[in-house]
Amino acid sequence: MYDVVVVGARVAGSSLALLLARQGHKVLVVDRATFPSDTISSHFLQQTALTRLRDWGVLEAAVGDCTPFRNLTMHYTGIVLDGFADPVDGFAETYAPRRTVFDAALVDAARESGAEVREGVTVEDVIFDEGRAVGVRIREGDGPVHDVRARVVVGADGANSLVAEKVGAEKYDVHPAGCFVVYSYFSGLDWSAHHRTGFGREQMGAWPTNHGLHMVATMASRDQMRAYRSDIEGNVDGTIARCAPELIEDLRDSGVREERWRQMAYPDNFYRRSHGAGWALVGDAGYHKDPFTGQGMTDAIKYAELLAEHLGAALAGEREVDGALAEYARERDERSHHTFEFTVAISELTLPPNLEPALRATAMSPEYTRKFFGMVAGAVSGEDFFAPDNLAWLYETTGMPSTVAA
Ligand SMILES: Cc1cc2nc3c(=O)[nH]c(=O)nc-3n(C[C@H](O)[C@H](O)[C@H](O)COP(=O)(O)OP(=O)(O)OC[C@H]3O[C@@H](n4cnc5c(N)ncnc54)[C@H](O)[C@@H]3O)c2cc1C
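## Describing the domain arrangement of the protein chain
With domains assigned, the protein chain is organised as domain 1 (2–43 + 98–175 + 267–344), domain 2 (179–265) and domain 3 (356–405). Relative placement of domain 2 and domain 3: their C-alpha centres are 29 Å apart.

Structure (structure tokens):
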């Protein structure tokens, strides 16, 4: 009998397993994948994630030979923001590590911390006793199914969570996804990080990552997906030429694509009820948003930590389990709401009228630009950035006409 069985061993699951195991709880984490392995995802980490990884002693392994970057160029339909956040708890840089490196380091750390990690194990069902989740039914490789019992079942099994389906966790605040992504990895580039949204509901992004490679991605609205796929090479070139004309020649002349193209239509933005009798959801399973703001992994880390605090105290007998899980879910929603709303608003690749003047004025103010990158780094809250008094100051100091800013 385990204290906790965690389904899914990537960033959310391994972070939670690591933290609970270090508190002395008996934890099993299973994943149908084996590690190291890739998953469809980009790699941008907020500095607030780096501080946690450092404190857990896993930062060096989690980033591996990843090239750090200290500058981010963001264009949004003609608005240009160039800079970086002020150092966050000692981090003046950030990283975009490959998931093959990053997830594997967290899996190793969970194991070294005392969690039992089983790879190549698929969860097929959640087991209930009088309405309470009491374990999972698993299949190891091609072997027979058997049951594993635990006081608490946690789904860290991604946006299409099986645990969520089996416990009947309903979605709320659902916003249909607007985009799809195409990306690959290139050698021969010496770029920092770029994130550029053009006028045709399309975008390019590029980051240095591991093994001397850059990830180069393009995103566009879903209605363009069928046509885009018919000529990926040509359409990626066209998007980058329109969104980043000063980069395209370098990509054409010096960039060598080293891997196949990956592509994906984004899942919807949503919250799921993330607590119930004997169960909880963490990471994308409980709260998924468009990758535009690059906060999925950082949020997975932050809210795994939050769940570990509440659940750990309950498992230690300091409070009742289901109440602790409910409190975790309530706090996660409260803390994440602004990020979620902001992400949904800008990921359509056209700026809504209420955000347009704020970002336009930000581009005119070095101080507010730093604040913007502080928000990107996770060190400045959305509430602070968009606080009416702060925006009023911004509009006044930049001379933004009140009619435009209203
Ligand atoms: C194109 C793209 C770009 C992105 N870019 C960024 C970015 O730059 N920065 C960022 O922070 N985030 C980014 N994200 C988001 C990020 O990838 C996710 O938020 C993050 O992976 C969520 O981690 P997770 O551990 O919750 O789930 P996942 O990474 O989805 O892991 C879930 C795990 O559960 C396992 N699993 C599922 N079902 C079962 C089952 N039945 N039995 C056993 N195991 C199971 C899977 O094998 C998987 O390993 C991006 C996402 C996409 C799609």
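Still more to cover.
## Description of the packing of helix α12 (residues 366–377) against helix α14 (residues 388–398)
Interaxial distance between α12 and α14 falls to 10 Å at its minimum, and their mutual angle equals 140°. Facing α12, whose interface residues are E367, Y368 and K371, α14 presents N390, L391, W393 and L394. Within the contact of α12 with α14, the residues separate by chemical class into four nonpolar, one polar and two charged.

## Details of the state of the cysteines
In this structure the tally under the stated criterion is zero disulfides. There is no disulfide at C179, and the cysteine sulfur nearest it, in C243, is 11 Å away.

## Description of helix α7 (residues 232–243)
A rise of 1.5 Å per residue sets the reference length of α7, with its 12 residues, at 16 Å; its end C-alpha atoms lie 16 Å apart and thus fit the reference within 8%. Turning to α7, its buried residues number three or more, namely I232, V236, G238, T239, I240 and C243.

## Here's the deal with the site of the ligand
Inspection of the region around the ligand gives 30 residues, with D31, S41, F44, D284 and M297 positioned closest. Between the ligand and D31 there is a distance of 2.7 Å, counted from an oxygen atom to a side-chain nitrogen or oxygen. A distance of 3.4 Å separates an oxygen atom of the ligand from a polar backbone atom of G294. When the free accessible area of the ligand is taken as 1000 Å², the share hidden by the protein chains comes to 91%. Elements represented by at least two residues in the shell around the ligand include exactly α1 (11–22), β6 (121–129) and α9 (296–315).

## Concerning the nonpolar core
One finds L53, F102, V154, L307 and L311 to be the most contacted residues of the largest nonpolar core, which totals 61 residues. Tallying contributions element by element places α9 first for this core, with 11 residues. Residues contacting V154, with those up to four places away along its chain left out, are V4, V5, V6, V7, L16, A280, V282, L307 and L311. I79, F373, F386 and M400 belong to the second-largest nonpolar core, a separate cluster that totals 45 residues.

## Comments concerning the sheet that holds strand β19 (residues 287–288)
The sheet built from three strands is open, its strands ordered β9-β16-β19 with antiparallel pairing. What marks the edges here is a single partner per strand, and that holds for β9 (171–175) and β19. On the sheet, helix α10 (residues 321–346) packs against β9, β16 (269–272) and β19 and is oriented at approximately 165° with respect to β16.

## Describing the pairing of strand β7 (residues 132–140)
Looking at chain direction, β6 and β7 are connected through eight bridges and run antiparallel. Paired with F128 across the bridge in β7 is A133. With antiparallel pairing between neighbouring strands as the criterion, β6 and β7 make up a hairpin whose turn holds two residues, including E130 at a positive phi of roughly 50°. Across five bridges, the pairing between β7 and strand β8 (residues 145–155) is antiparallel. Bridged to V136 within β8 is V148.

## Here's the deal with the pattern of salt bridges
Within the structure shown, the criterion is met by 33 salt bridges. Of the charged contacts, one joins D38 and R98 as a salt bridge, the two residues approaching to 3.8 Å between their closest N and O atoms. Remark: R98 occurs in the loop between β4 (79–83) and α4 (99–112) and D38 occurs in the loop between β2 (27–31) and α2 (47–55); sequence separation between them is 60 residues. Note on D38: relative accessible area 28%, which makes it partly exposed. A salt bridge links R330 to E334; the shortest N-O distance between them is 2.8 Å. Taken together, the residues span about one helical turn, with R330 and E334 both in helix α10 at a distance of four residues. Each member of the salt-bridge network shares a partner with another, and the members are D38, R98, E259 and R262.

So, how was this worked out
- Residues numbered from 1 in each chain as written.
- Predicted model: local features only at pLDDT ≥ 70, side-chain atom pairs only at ≥ 80, totals over all residues.
- Heavy atoms only, no water.
- Domains from an automatic or database assignment.
- Axes fitted to C-alpha atoms, helices over the stretch in contact; angles between N-to-C directions.
- Helix = DSSP H or I, 4+ residues; strand = E, 2+ residues; numbered from the N terminus.
- Contact = heavy atoms within 4.5 Å.
- Nonpolar A, V, L, I, M, F, W, Y, C, P; charged D, E, K, R; others polar.
- Disulfide = S-S within 2.5 Å.
- Expected span 1.5 Å × (residues − 1).
- Buried < 20%, exposed > 50% of the residue type's maximum accessible area, 1.4 Å probe, protein only.
- Near = heavy atom within 4 Å.
- Polar contact = N/O pair within 3.5 Å; in protein donor to acceptor, adjacent residues only side chain to side chain.
- Areas by Shrake-Rupley, 256 points an atom, 1.4 Å probe, with all protein chains shown as cover.
- Core = buried A, V, L, I, M, F, W, Y, C linked by side-chain atoms within 4.5 Å.
- Pairing = 2+ DSSP bridges.
- Salt bridge = Lys/Arg side-chain N within 4 Å of Asp/Glu carboxyl O.

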